[in-house]
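Now for the letters of each chain:
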Amino acid sequence: RMKRLGMMLNSSHNQSRLALVDVKGFDPRDVTVTVKDGKVTVSAEHKEERNPAVAKTCNYRKFKKVFSLPAGVNEDEVTCSV
């Protein structure tokens, strides 16, 4: 899959794409992207609790990736999609 993705990016005529981040396992509502101080931060957090009659369980996942924007990039023009 990564090889195919790399070929897609290399053949793209849109040179404005900076990064692709795999947030597999997270609901899109759990993912946040912020642009501030020349950095793009992609973070995701998911907490799931279950309270069956026998025992309580909790599943927690957290992810964070930070990218520095290239010099000259206007933060207001940065876009993202999930």
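Conventions we followed
Residues numbered from 1 in each chain as written. Predicted model: local features only at pLDDT ≥ 70, side-chain atom pairs only at ≥ 80, totals over all residues. Heavy atoms only, no water. UniProt positions renumbered as here; feature names shortened; annotations may be inferred. Salt bridge = Lys/Arg side-chain N within 4 Å of Asp/Glu carboxyl O. Buried < 20%, exposed > 50% of the residue type's maximum accessible area, 1.4 Å probe, protein only. Pairing = 2+ DSSP bridges. Helix = DSSP H or I, 4+ residues; strand = E, 2+ residues; numbered from the N terminus. Patch = residues over 30% accessible without salt bridge, like charges linked within 9 Å, V, L, I, M, F, W, Y side chains within 5 Å. Areas by Shrake-Rupley, 256 points an atom, 1.4 Å probe, with all protein chains shown as cover. Lys, Arg positive; Asp, Glu negative; His and termini not counted. Charge placed at Lys NZ, Arg CZ, Asp CG, Glu CD.

In the annotation of an unreviewed UniProt entry, the chain is listed under the name Outer dense fiber protein 1 and assigned to Pomatostomus ruficeps. Recorded in UniProt under Sequence similarities (unreviewed entry), the annotation for the chain is "Belongs to the small heat shock protein (HSP20) family." Quoted verbatim from the Function (unreviewed entry) field of the UniProt record, the comment on the chain reads "Component of the outer dense fibers (ODF) of spermatozoa. ODF are filamentous structures located on the outside of the axoneme in the midpiece and principal piece of the mammalian sperm tail and may help to maintain the passive elastic structures and elastic recoil of the sperm tail."

A. Expanded view of the pattern of salt bridges. What the rule picks out here adds up to four salt bridges. One salt bridge connects Lys47 with Glu49, and the closest N-O pair in it is separated by 3.3 Å. A relative accessible area of 53% places Lys47 in the exposed class. Here Glu48 and Arg50 are joined by a salt bridge, their closest N and O atoms 2.5 Å apart.

B. Quick peek at the pairing of strand β2 (residues 39-50). Judged from the six bridges that link them, strand β1 (residues 31-36) and β2 form a sheet pairing that is antiparallel. Among the inter-strand pairings, Lys36 is bridged to a residue of β2, identified as Lys39. Two successive antiparallel strands, β1 and β2, enclose a turn made up of two residues, where Asp37 displays a positive phi of approximately 55°. Where β2 lies against strand β3 (residues 57-68), 12 bridges are found, and the strand directions are antiparallel.

C. Broad picture of the side chain of Thr41. Mapped onto the elements, Thr41 comes out in strand β2. Here Thr41 falls in the buried class, since its relative accessible area comes to 17%.

D. Geometry of a negative patch on the surface. Side chains of Asp37, Glu75, Asp76 and Glu77 sit close together on the surface and give a patch of like negative charge. Tracing the backbone through its elements, the reader meets Asp76 in the segment after β3. Since its relative accessible area comes to 74%, Asp76 is described here as exposed.

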